[in-house]
Amino acid sequence: MTKRKLTLLIITGVLLVIAILQGIFSNISPVKTIKFDAEPYSISVTSNSNSYELKKQDGKWYIGDNNFLAKNTDVNQIIKTIKEIKVLDKVGSASNELLEERYDLNNDKAITVIASTRDGKALRTIKIGKASSTGSQSYITIDNKKEVYLVSGNFNSVYNKTEESLKSDYIYELSSKDFTSVTVTRGSNTWTITKTSKPNETAAWQPSGSAENLVVDAGKIDAWLTQIATLKVSKWLPDDTSVSSNKEASVQIMINQEPTEVNIYKEGYGDNAKYICVCNRTTHKAELAKLTAQKFIKDANELKVSE
């Protein structure tokens, strides 16, 4: 083999190795993930114009100090974002005032998020600045350190909310399959349907009270119970809202000997009528849409077998 051919082979081999290494490194993701596994029990969010706090109690998240359930979808997104941060790049140091101002990380514009344990120990602190020009990344600092990171996701859209917007629209969300009995009272008329089937069997219901002699339609009952298994509010009312004496209906749902009591009051007439709900699952009063209220204002005859 000539010296020239040997040189060409060596050069070819070197180029091949370089190409292989480039291929390997190009497949290595530049994204660095910063995460923790501990479960937060409180999350405070503060900015120059707004603040709110989420707290976990008995497995549920509440917003503010007035015992309002928080929206599950928003809370889950907040927790996911704070527990797992995907860093795309380091862009500088927050000790640089010009950089702080450029990325809205100064105190006048930044959002500060602190996730803490049950005993108040901080798990993570995030200072959120502006979103990138694409809107799909954000500039933040982590755990009070000076490094400014470009991270995946629009953190402003996740955390820039209000206490009011985070309140759940639901008083409760149940499964009708768990109902053991339902009692409806309208004025002096009270009727009950009680489940007589065993677990894992097709539901069978026995009417009693004013509906004792009624032949009920199991399909109609199942459809109705599905409707009242969730209770969505039209809007929450101030706690000092007075309640009309005109009670349209009182409904008691039993699950494992635990009652859920829904009382519907009507104010006004015709198109101006309002329906106010008082339920033992919340300390707050709420206004219901007419269609929602009518699901509870039920006549037993609506459940009978069609003739």
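Fair warning: this is a prediction, and the values are worked out from it, not measured in the lab.

Asker: Is there a simple way to explain the pairing of strand 13 (residues 189-195) in this structure?
Answerer: Note: strand 12 (residues 181-186) against strand 13, 6 bridges, orientation antiparallel. Paired with Thr 183 across the bridge in strand 13 is Thr 192. Linking strand 12 back to strand 13 in an antiparallel pair, the connection comprises 2 residues, with Gly 187 at a positive phi of about 65 degrees. Strand direction decides the pairing type here: strand 13 and strand 14 (residues 205-209), joined by 5 bridges, are antiparallel. Bridge pairing in strand 14 links Thr 192 to Ser 208.

Asker: What exactly am I supposed to notice about the sheet that holds strand 10 (residues 147-152) here?
Answerer: Backbone-to-backbone hydrogen bonds join strands into a sheet, with any given pair of strands oriented parallel or antiparallel. Across the sheet, which stays open at both edges, the 10 strands sit in the order 1-6-10-9-8-7-2-3-4-5 with antiparallel pairing between neighbours. Edge positions in the sheet fall to strand 1 (32-35) and strand 5 (68-69), since each has one partner strand and no second. Judged from the 2 bridges that link them, strand 4 (residues 60-63) and strand 5 form a sheet pairing that is antiparallel. Of the residues in strand 5, the one forming a bridge with Ile 63 is Phe 68.

Asker: Looking at this model, I keep getting lost on the sheet that holds strand 12. Mind explaining?
Answerer: Taken together, the 8 strands give an open sheet; going across it, the order is 14-13-12-17-18-19-20-16, and neighbouring strands pair in antiparallel fashion. Both edges of this open sheet fall to strand 14 and strand 16 (235-236), since each of them pairs with a single strand only.

Asker: What's the story with helix 6 (residues 218-228) in this structure? I'm lost.
Answerer: For an α-helix, the turn length of 3.6 residues means that residues three or four places apart are oriented alike. Looking only at helix 6, the buried set comprises Ile 221, Trp 224, Leu 225 and Ile 228. The buried residues of helix 6 all sit within an arc of 100 degrees when viewed along its axis, so they share a single face. Looking at where helix 6 begins, the residue whose side-chain oxygen comes 2.8 Å from the main-chain nitrogen of Gly 219 is Asp 217.

Asker: In this structure, what is going on with helix 2 (residues 72-83)? I would like to understand it.
Answerer: Between its first and last C-alpha, helix 2 extends 16 Å over 12 residues, near the 16 Å set by a 1.5 Å rise per residue. Buried residues of helix 2: Asp 74, Val 75, Ile 78, Ile 79, Thr 81, Ile 82 and Lys 83, and no others.

Each value, and the rule that gives it
Residues numbered from 1 in each chain as written. Predicted model: local features only at pLDDT ≥ 70, side-chain atom pairs only at ≥ 80, totals over all residues. Heavy atoms only, no water. Pairing = 2+ DSSP bridges. Helix = DSSP H or I, 4+ residues; strand = E, 2+ residues; numbered from the N terminus. Buried < 20%, exposed > 50% of the residue type's maximum accessible area, 1.4 Å probe, protein only. Arc of directions from axis to C-beta. Polar contact = N/O pair within 3.5 Å; in protein donor to acceptor, adjacent residues only side chain to side chain. Expected span 1.5 Å × (residues − 1).

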